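Residues per chain are reported as follows:
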2 protein chains.
Amino acid sequence: MRIITINREFGSGGREVGKRLADALGFAYFDTEIVEAIAERSKVDPEYVHEVLERGVFNDISLTFAHSFTYAPHHHKSFAIMESQNEIVKELAAQGDCIIVGKNADTILKKEKPLKLFIHADMEYKIKRCMARAEEGEQLTEKQTKRKIKQIERARASDHSYYSEIRWGDKRGYDLCINTTGLEIKSVIPAIAEFAKAWFEKSHETEE
Amino acid sequence: MRIITINREFGSGGREVGKRLADALGFAYFDTEIVEAIAERSKVDPEYVHEVLERGVFNDISLTFAHSFTYAPHHHKSFAIMESQNEIVKELAAQGDCIIVGKNADTILKKEKPLKLFIHADMEYKIKRCMARAEEGEQLTEKQTKRKIKQIERARASDHSYYSEIRWGDKRGYDLCINTTGLEIKSVIPAIAEFAKAWFEKSHETEE
């Protein structure tokens, strides 16, 4: 089983890398499917799951604990989401070659030795990309976009710190860190696919 | 002119990446040639240049200042080496497509917009690699090798900090960070060459 996990800065094009790379390699691609599967299993609304994952599932649990000082029904939901996330990520990875974006898959699947990618870009580029891709009615100003990017990245970093000792985005935690600033993502997919193939071949060799 | 600069952790195989990548792309490769050219121009021994560069040329200047509190003949040498390094790196880069390993080329050539690579690996892997490649009579113990790696990397990081605001090895300062832990470097060269080609095409487009 060959698994690629992608962690990414918000607005860096990490999801586009994931989708295109999955196409190039013929791997399954999992992203929003996971949110829906978690929602179904935890018996909550997908939109709510999305929100919790965006805040970071661990952050959510510790925050709600800190605010209430008691074990509230709210925690049940967050724990259920976290447990479902762990289960579903493992189940999907067991099905076959795949790419998983976010969802702490790099640490949940540690034993499966995934190829770990981190996609990042300069703040200016991320702001431009976010603003160009915002849906109608959801347009933010440049300043608001920057704030949103920082907020989401802080949540991802914080959530990651519950799972791993290596900081989110620290190159030591990844096999390849790709800076997409000014890049047309499509143009570097063949190179990343080639890297992945060579990497998995080597990785299989060392296991034997 | 297409320029690739490589910064690397000691023992990560960065020089091997540089040499092989230069072969794959048909670029010139500069490394020890620079040391020799600096020696010739600064009228000092190549071995001495090598030592100063290993300690970090800026470190060397500030250290000798701090120790002597006066401007000694020693400083002349260090300054001459630094100036020669800057000149020679620029001259080589002006000659044609090339790859330069170390020598602060990423920051010296900032205006030329090089493709910036950083090569790193886990400490355990770097120690193994160093010990396997040590020449006869220069064998160090595991502990000594680790100390040497740390020492050299500290010097590189410190020297880099005089040239750039972004920390040495911070992924934000590079286009691609490659973790060579457990990899056979040869096997990923085609992928890196492919990435470089796509990157330069894009980079040329934006300049027009």
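Residues numbered from 1 in each chain as written. Chains lettered and ligands numbered in written order. Predicted model: local features only at pLDDT ≥ 70, side-chain atom pairs only at ≥ 80, totals over all residues. Heavy atoms only, no water.

## Here's the deal with the relation of the copies chain A and chain B
Alright, step 1. Here chain A sits on chain B after a turn of 180° about the axis and a move of 0.0 Å along it, with an RMSD of 0.0 Å. What we have between these two chains is a two-fold relation.
Alright, step 2. In this assembly, 100% of the residues forming the interface of chain A have copies in chain B that are likewise at the interface, indicating an isologous arrangement. (Least-squares fit on C-alpha atoms with pLDDT ≥ 70 in both. Contact = heavy atoms within 4.5 Å.)

## Some details on the side chain of A:Asn7
All names here are of chain A.
Alright, step 1. Turning to its location among the elements, Asn-7 is positioned in strand 1 (residues 3–8).
Alright, step 2. Here the side chain of Asn-7 touches Tyr-174 through a polar contact of 3.3 Å, side chain to side chain.
Alright, step 3. Beyond its immediate sequence surroundings of up to four residues, Asn-7 is in contact with Gly-102, Asp-106, Leu-117, Phe-118, Ile-119, His-160, Trp-168 and Tyr-174. (Helix = DSSP H or I, 4+ residues; strand = E, 2+ residues; numbered from the N terminus. Polar contact = N/O pair within 3.5 Å; in protein donor to acceptor, adjacent residues only side chain to side chain.)

## Overview of the interface of chain A and chain B
Alright, step 1. At the junction of the two partners, chain A supplies 24 residues and chain B supplies 24 residues.
Alright, step 2. Of the roughly 2100 Å² buried between chain A and chain B, counting both surfaces, carbon and sulfur atoms make up 62%.
Alright, step 3. By the criterion of area lost to chain B, the three top residues of chain A are A:Lys171, A:Phe195 and A:Lys202, representing 25% of everything that side buries.
Alright, step 4. Viewed at the interface, chain B and chain A are joined by zero salt bridges.
Alright, step 5. Here chain A is connected to chain B by seven residue pairs in polar contact (both at pLDDT 80 or more).
Alright, step 6. Among the secondary structure elements, those contributing two or more residues to the side of chain A that touches chain B are strand 4 (115–120), strand 5 (176–179) and helix 9 (185–207) of chain A.
Alright, step 7. Of the residues contributing to the side of chain A that touches chain B, the split by class is 12 nonpolar, five polar and seven charged. (Buried area = accessible area lost by both parts, 1.4 Å probe. Salt bridge = Lys/Arg side-chain N within 4 Å of Asp/Glu carboxyl O. Nonpolar A, V, L, I, M, F, W, Y, C, P; charged D, E, K, R; others polar.)

## Concerning helix 1 (residues 14–25) of chain B
Residues and elements named next belong to chain B.
Alright, step 1. With 12 residues, helix 1 should reach 16 Å at 1.5 Å per residue; the first-to-last C-alpha distance of 16 Å fits that figure.
Alright, step 2. Residues of helix 1 that are buried include every one of Gly-14, Glu-16, Val-17, Gly-18, Leu-21, Ala-22 and Leu-25, and no others.
Alright, step 3. Among the residues trailing helix 1, Gly-26 stands out with phi positive, at a value near 70°. (Expected span 1.5 Å × (residues − 1). Buried < 20%, exposed > 50% of the residue type's maximum accessible area, 1.4 Å probe, protein only.)

## Some remarks on the packing of helix 7 (residues 123–133) of chain A against helix 8 (residues 142–163) of chain A
Packed helix pairs are specified by the crossing angle of their axes together with the interaxial distance, meaning the distance between the axes.
Residue and element names in this part refer to chain A.
Alright, step 1. Packing of helix 7 against helix 8 leaves a shortest axis separation of 10 Å and a crossing angle of 110°. On the basis of their axis angle, the class for helix 7 and helix 8 is roughly perpendicular. From helix 7, Met-123, Lys-126, Ile-127, Cys-130 and Met-131 reach across to helix 8, where they touch Glu-142, Thr-145, Lys-146, Ile-149, Lys-150 and Glu-153.
Alright, step 2. Per-class residue counts for the contact of helix 7 with helix 8 are five nonpolar, one polar and five charged. (Axes fitted to C-alpha atoms, helices over the stretch in contact; angles between N-to-C directions. Parallel < 35°, antiparallel > 145°, perpendicular 65-115°, else oblique.)

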